[in-house]
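# A look at the structure
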Amino acid sequence: MTSTLDPQTTLDDQVITWRRHLHANPELSFQEHATADYVEAQLRAMPGLTLSRPTPTSVLAVLQGGGGPGRTLLMRADMDALPIQEDTEYAFASKNDGVMHACGHDGHTAMLLGAAQVLTGLASQLPGEIRFIFQHAEELFPGGGQQLVDAGIMRGVDVAIGAHLFSPIPVGLVALKAGPLMAAPDTFTVTVTGRGGHGAMPHETVDPIVIACHIVTALQAIVSRQRDPLEPAVLSVTTIHAGTAHNIIPNAVQLSGTVRTFDPGLREQIPQWMERLIRGVTEGFGAAYTFEYECGYRATINDPEITEVLRGVVRDTLGEDALVEAQPTMGGEDFSAYLSEAPGAFMFIGARNEDAGITAPHHHPKFAIDEAALGHGVKVLVEAARRLTVWDTGRPAT
Ligand SMILES: [Zn+2]
Ligand SMILES: [Zn+2]
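Below, the discussion takes up the coordination of the zinc ion (ligand 2). Around a metal, the idealised angle for a tetrahedral arrangement of four donor atoms is 109.5 degrees; for an octahedral arrangement of six donor atoms it is 90 or 180 degrees. Looking at the metal site, the zinc ion (ligand 2) is ligated by Cys 103 (SG), His 105 (NE2) and His 164 (NE2), spaced 2.1 to 2.4 Å from it. Every donor residue of the zinc ion (ligand 2) comes from the same chain, spaced as C-x1-H-x58-H. In this structure, the zinc ion (ligand 2) lies 3.1 Å away from the zinc ion (ligand 1), the two metals sharing Cys 103 as a donor. With a gap of 59 residues between them, His 105 in helix 3 (residues 105-121) and His 164 in strand 5 (residues 159-170) connect regions that are remote in the sequence. Grouping residues by exposure puts His 105 and His 164 together as buried.

This paragraph deals with the coordination of the zinc ion (ligand 1). For the zinc ion (ligand 1), the full set of protein donor atoms is Cys 103 (SG), Glu 139 (OE) and His 363 (NE2), and the range of their distances to it is 2.0 to 2.3 Å. Mapped onto the sequence, the donors of the zinc ion (ligand 1) take the spacing C-x35-E-x223-H. Residue class for His 363 comes out partly exposed when judged on its relative accessible area of 38%.

Along its sequence, the protein is organised into domain 1 (7-180 + 300-388) and domain 2 (184-294). Taking the mean C-alpha position of each, domain 1 and domain 2 sit 38 Å from one another. Tallying the contact residues gives seven residues for domain 1 and eight residues for domain 2. Interface area for domain 1 against domain 2, summed over the two sides, is near 590 Å², with a carbon-plus-sulfur share of 76%.

An order of 10-12-8-13 is seen for the four strands of this open sheet, with the pairing classed as antiparallel. The open sheet has two edge strands, strand 10 (233-241) and strand 13 (288-294), and neither has a second partner. Strand-to-strand twist of the sheet, defined as the mean angle between neighbouring strand axes without regard to direction, takes the value 20°. One ladder, built from 10 bridges, connects strand 8 (residues 184-193) with strand 12 (residues 252-261); its direction is antiparallel. Across the sheet, residue Phe 188 finds its bridge partner in strand 12, namely Gly 257. Contacts from helix 6 (residues 264-285) reach strand 8, strand 10, strand 12 and strand 13, with the element oriented near 170° to strand 13.

Residue placement: Thr 120 occurs in helix 3. Under the relative-accessibility criterion, Thr 120 is labelled buried at 8%. Thr 120 sits 57 residues away from Leu 63 along the chain, and the two C-alpha atoms are 7.0 Å apart. Sequence-distant contacts of Thr 120, that is, excluding residues within four places in its chain, are made with Met 46, Pro 47, Leu 49 and Leu 63.

This part takes up the confidence of the model for the protein. Across the protein, pLDDT averages 96, with 97% of residues at or above 70. Segment residues 394-398 is flagged for pLDDT under 50; beyond a separation of four residues in sequence, or across chains, it makes 12 contacts in the model.

What follows concerns the side chain of Asp 186. Here Asp 186 shows up in strand 8. Within the structure, the side chain of Asp 186 is placed 2.7 Å from the side chain of Arg 267, a separation counted as a polar contact. Within the local environment of Asp 186, its side chain forms a polar contact with the backbone nitrogen of Gly 296, the two atoms lying 2.8 Å apart. Residues contacting Asp 186, with those up to four places away along its chain left out, are Gly 257, Thr 258, Val 259, Arg 267, Tyr 293, Glu 294, Cys 295 and Gly 296.

So, on to the packing of helix 2 (residues 33-44) against helix 3. At a closest axis distance of 10 Å, the pairing of helix 2 and helix 3 adopts a crossing angle of 15°. One finds that helix 2 runs roughly parallel with respect to helix 3. As helix 2 runs across helix 3, the sense of the crossing is right-handed. Contact with helix 2, carried on its side by Val 39, Gln 42 and Leu 43, involves Thr 109, Leu 113 and Ala 116 of helix 3 and no other residues of that element.

The subject of this paragraph is the nonpolar core. Membership of the largest hydrophobic core comes to 63 residues, with the highest contact counts inside it found for Leu 43, Met 75, Leu 119, Phe 132, Phe 134, Ile 161 and Leu 388. By residue number, the principal contributor to this core is helix 9 (residues 372-388), which donates nine residues. By size, the runner-up hydrophobic cluster in this structure holds 24 residues, among which are Val 192, Val 206, Ile 211 and Leu 235.

Cut-offs applied
- Residues numbered from 1 in each chain as written.
- Chains lettered and ligands numbered in written order.
- Predicted model: local features only at pLDDT ≥ 70, side-chain atom pairs only at ≥ 80, totals over all residues.
- Heavy atoms only, no water.
- Donors = N, O, S within 2.8 Å, 3.2 Å for Na, K, Ca; no water.
- Helix = DSSP H or I, 4+ residues; strand = E, 2+ residues; numbered from the N terminus.
- Buried < 20%, exposed > 50% of the residue type's maximum accessible area, 1.4 Å probe, protein only.
- Domains from an automatic or database assignment.
- Contact = heavy atoms within 4.5 Å.
- Buried area = accessible area lost by both parts, 1.4 Å probe.
- Pairing = 2+ DSSP bridges.
- Axes fitted to C-alpha atoms, helices over the stretch in contact; angles between N-to-C directions.
- pLDDT = per-residue confidence, 0-100.
- Polar contact = N/O pair within 3.5 Å; in protein donor to acceptor, adjacent residues only side chain to side chain.
- Parallel < 35°, antiparallel > 145°, perpendicular 65-115°, else oblique.
- Left-handed = near helix turned anticlockwise from the far one by under 90°.
- Core = buried A, V, L, I, M, F, W, Y, C linked by side-chain atoms within 4.5 Å.

Listed below in C-alpha cells is the structure:
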C-alpha cells in the first residue's frame, strides 16, 4: 500500500507537533535541559547528522554534504522561553507556571528541526557543510550566542543565517533588509546618594529624589539635542526606586534603563554624555553618584550579498508578493554574535493573522503565532541552505 500523504503536509504537521510540544514545556534561558534533550532525540532520528552539546543546554547538528566542496553554513534557532504567565486558551499552553514561549522560539526550534529533516534527505546532493545550532539563552544577557562562538562553533563557518517569527508582519510575508536591522541593547544603572531626613525639614537633607528627577529630565536631551538626528538611538529610564514612607526623605535613589543604538561610535559616545550630565547634576546639588553601563549584544547588521540571496529564496519559495522590506527595530538579538564572526543575515517570518485574532505582541501573555508561518520558515530555510552552501551563491544546488 502506498501513502497518499503529501510530503509537505506531513512535514508541516510534524513541525507543528514539535512546536506544540516545546510550547507546552517551556524553559528559561540557560535552563533549557529538557528542551535540548527533546531536540537531540528528534535529531537522532534523522540520518547523517553528527550531534554534540557545545554547552549543557544547546545542541549542534552537523551535516556533511555529499555533493562536493562548498561553503559551510550555520543555521541558528533559539530555544529559550520567558518568565511570563501564559494567558491563552490553547490546549498546548505552557504547563510550566510563570514560564512561556512568548517570543516564538518554540517555533524557531521546530522550523530548524523541519529544515534538518528535509536537508538530511538531500545530503547526497548538497555541497559543503551545514551546521544546525539549537541555541540556548537568547533572551538573557550575556546570551547563548557568544558562548557558542567562544565554544568554537563558528570556526570555519562561511555564512550564518537565522530567522525570527514576527507578529507585527502578516503570515505569508517574509521581511528582509540589508544593513542595520536590530540595535545594540545596552543597560545602565545610576545611584544618586544624598542625605536623608525628615520630609518636613528638607533643608537639613540633600534630597536624592529631586536630583534623580533632574537627571531623568537631563538624560532626555541626549537623544533630542546631542545625537545626530539621522542616527537612530533610544535612551529610556525604565526603573526608579527610592523611599519608604511619606514623611521620610530617603538617602539614595536608584535609576536604571536601556540605551539602543546601531552605530558603534554613537554607542561609545552616549555613556560619556550620560555621565557628564549625571556628574554635573549631582555635583550641582551636592550629592554623589555611581554610574554603571553594561554593553549588551552588538547590533545585528545584515550582509547585503547574503540578504540578496535570501530575497531570491523568498520570492522563489513563497512567491513574489511574499517578500517585503524589513523595518529596522531597536530591539536586540544575540544572533549578532555569529555575525561578528562571519557574514550572514537575519530575517523576519510573518506570523500575524488579524482574522484569527493572532495579534498580540512578542513578550505578551497572549502572544501567539499563525502556525502556517512554520511551514513558510521551513521552506525558506531549506532553499536558503541549498543556495548558500554553493560557492557561487547565485545558483541553487541541483
Ligand atoms: Zn524575545
Ligand atoms: Zn526572540
